[in-house]
Amino acid sequence: MTLKRVLSGVQPTGDIHIGNWLGAIRNWVELQQTHETFVCVVDLHAITTPHDPKSLYKSSLSTAALYIACGMDPNKCSIFIQSQIPAHTELCWILNCLTPLNWMERMIQFKEKAIKQGENVSIGLLDYPVLMAADILLYDADLVPVGEDQKQHLELARDIASQRVNSKFGTKNNPILRVPKPLILKECAKVMSLTDGTKKMSKSDPNENSRISLLDHPDVISKKIKRAKTDSEIGLEYGNFSRPEADNLLSIYSIISGLGKEKAALNCREMGWGTFKPEFTDAMINILTPIQKQYNELMNDKGELNRVLEKGKNTAQEVSHVTLNRVKEALGFYTSS
Ligand code: TRP
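As the structure is a prediction and not an experimental result, all values here were calculated from the model.

Caption draft 1: Expanded view of the overall build of the chain. Broken down by element type, the chain carries 12 helices and five strands. Taking 2.2 N^0.38 as the reference for a compact globule, 337 residues should give roughly 20 Å; the C-alpha atoms of the chain span a radius of gyration of 21 Å, in line with that estimate. Seen through its C-alpha atoms, the chain measures out along the principal axes to roughly 70 × 45 × 45 Å. Burial analysis of the chain (337 residues in total) assigns 51% to the buried set. A sequence separation of at least 24 residues applies to 74% of the contacts in the chain between residues at least 6 apart. The average position of the 40 basic charges and that of the 39 acidic charges among the side chains of the chain differ by 2 Å.

Caption draft 2: The arrangement of the packing of helix α2 (residues 53-69) against helix α11 (residues 273-300) in detail. With their axes 9 Å apart at the nearest point, α2 and α11 run at an angle of 130 degrees to one another. Here α11 runs oblique to α2, going by the angle between their axes. Classified by chirality, the crossing of α11 by α2 is right-handed. In this structure, α2 uses Leu61, Ser62, Ala65, Leu66, Ile68 and Ala69 to contact α11, whose residues at the interface are Ile291, Gln294, Tyr295, Leu298 and Met299. A breakdown of the residues in the contact of α2 with α11 according to their chemical character gives nine nonpolar, two polar and no charged.

Caption draft 3: Broad picture of the pattern of salt bridges. Per the counting criterion, the structure on display carries 15 salt bridges. In this structure, Lys200 engages Asp149 in a salt bridge whose closest nitrogen and oxygen atoms are separated by 2.9 Å. Of this pair, Lys200 sits in the loop between β5 (181-183) and α8 (218-227) while Asp149 sits in the loop between β4 (143-145) and α7 (151-169), and the two are 51 residues apart along the sequence. A residue is classified by how much of its surface remains accessible, and Asp149, at 30% relative accessible area, is partly exposed. Of the charged contacts, one joins Lys293 and Glu297 as a salt bridge, the two residues approaching to 3.5 Å between their closest N and O atoms. Of this pair, Lys293 and Glu297 both sit in helix α11, four residues apart, which is roughly one turn of the helix. Judged by relative accessible area, which is 46%, Glu297 ranks as partly exposed. Here the salt bridges share partners, and the residues they tie into one network are Asp231, Glu237 and Arg243.

Caption draft 4: Representation of the environment of Ala46. With respect to the element layout, Ala46 can be found in the loop between β2 (36-41) and α2. When the C-alpha positions of Ala46 and Leu177 are compared, they lie 26 Å apart, and in sequence the two are 131 residues distant. With sequence-adjacent residues up to four places away left out, Ala46 is seen in contact with Gln11, Pro12, Thr13, His51 and Leu56.

Caption draft 5: Structural context of the site of the ligand. Surveying the vicinity of the ligand reveals the residues Leu7, Ser8, Gly9, Val42, His45, Tyr128, Met132, Asp135, Ile136, Val144, Val146 and Gln150. Within the side chain of Tyr128, one N or O atom sits 2.7 Å away from a nitrogen atom of the ligand. The dominant element in the shell around the ligand, judged by the number of residues it contributes, is helix α6 (residues 123-137), at four residues. Classifying every residue of the shell around the ligand gives seven nonpolar, four polar and one charged.

Caption draft 6: Highlighting the environment of Ser83. By the secondary structure assignment, Ser83 is in the loop between β3 (77-81) and α3 (87-98). The sequence separation of Ser83 and Lys313 amounts to 230 residues, and the corresponding C-alpha distance is 9.9 Å. With residues near it in sequence (within four places) discarded, Ser83 still touches Asp43 and Leu44.

Caption draft 7: Broad picture of the packing of helix α5 (residues 108-117) against α6. Look at α5 against α6: their axes get within 10 Å of each other, and the N-to-C directions meet at 165 degrees. Comparing the axis directions of α5 and α6 gives the class roughly antiparallel. Here the hand of the crossing between α5 and α6 comes out right-handed. Contacts between α5 and α6 involve Gln109, Phe110, Lys113, Ala114 and Gln117 from the former and Leu125, Leu126 and Tyr128 from the latter. Partitioning the contact of α5 with α6 into residue classes produces five nonpolar, two polar and one charged.

Each value, and the rule that gives it
Residues numbered from 1 in each chain as written. Predicted model: local features only at pLDDT ≥ 70, side-chain atom pairs only at ≥ 80, totals over all residues. Heavy atoms only, no water. Helix = DSSP H or I, 4+ residues; strand = E, 2+ residues; numbered from the N terminus. Rg over C-alpha atoms; globule rule 2.2 N^0.38 Å. Buried < 20%, exposed > 50% of the residue type's maximum accessible area, 1.4 Å probe, protein only. Contact = heavy atoms within 4.5 Å. Lys, Arg positive; Asp, Glu negative; His and termini not counted. Charge placed at Lys NZ, Arg CZ, Asp CG, Glu CD. Axes fitted to C-alpha atoms, helices over the stretch in contact; angles between N-to-C directions. Parallel < 35°, antiparallel > 145°, perpendicular 65-115°, else oblique. Left-handed = near helix turned anticlockwise from the far one by under 90°. Nonpolar A, V, L, I, M, F, W, Y, C, P; charged D, E, K, R; others polar. Salt bridge = Lys/Arg side-chain N within 4 Å of Asp/Glu carboxyl O. Near = heavy atom within 4 Å. Polar contact = N/O pair within 3.5 Å; in protein donor to acceptor, adjacent residues only side chain to side chain.

Shown next, in the form of structure tokens:
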């Protein structure tokens, strides 16, 4: 029996925060036990908005190191850097030519980012979801574990594969591309900002207190949690729309404490914020300390990290090459191998 495939990725922009971790990376760790798993650092996506070369270089390596520190096992999965595999950009070009422009213009994330960018919107930003479709489709992924905000991009990848490639160039019994399914976990698929429970936790929020980075020092974690927005009620609860901060912090707590949803709710039902916050802080520091320790070891001796990325690159290259050739042949390109 062949294992089902999983592919996912995170952009190497700025520090990875607990939203990326709880919403995406944490799920990969379990999936790698039962699936053939590919995780990439999507550095080509990181240049769709203005970027700084030095930080891109540093973040690409540190993001890969964080994958490992968060529990991705290089012996069980393939970890690689997107730009090292030329098939991503090549398939992206082919898919670009098959994708209607108006599908792209209605992408919510594009519209939001484009508003922020003003006049300076690149074609790459518009094309971002097609590159993401190429990332996924190249590996014949069955499942793509992502946060809630990526759902529309996943739909696009599915539509491109089925309506624009398979139905036009394939046959019913012989589809060219596998149509992937999103895997969006209910718990913590969307982690909200610490300073505003109605806004998503985001790397681009200018207020650093809005997020906890996986590499934040315990003192910084403690300070950010002290400043986190609360309300004047006693007891934390899920799902009360007038108390988004309570819902968000309790949801995060249920995972980082290991208590799970129900027990956490029971424990905190009558807890005041003054008791909750120190418990939350301890749980956060406890769970992040071993991640930070392993991260530092990997970054201090890059030999191991380089080996992991080389191995990931080789596997990714083999798999993506086969898919790309299948697409090229079906579309009538001359292929010699
Ligand atoms: N757009 C994704 C995000 O911001 C990152 C990404 C790029 C991705 N390519 C992907 C995620 C392929 C999953 C699969 O989270």
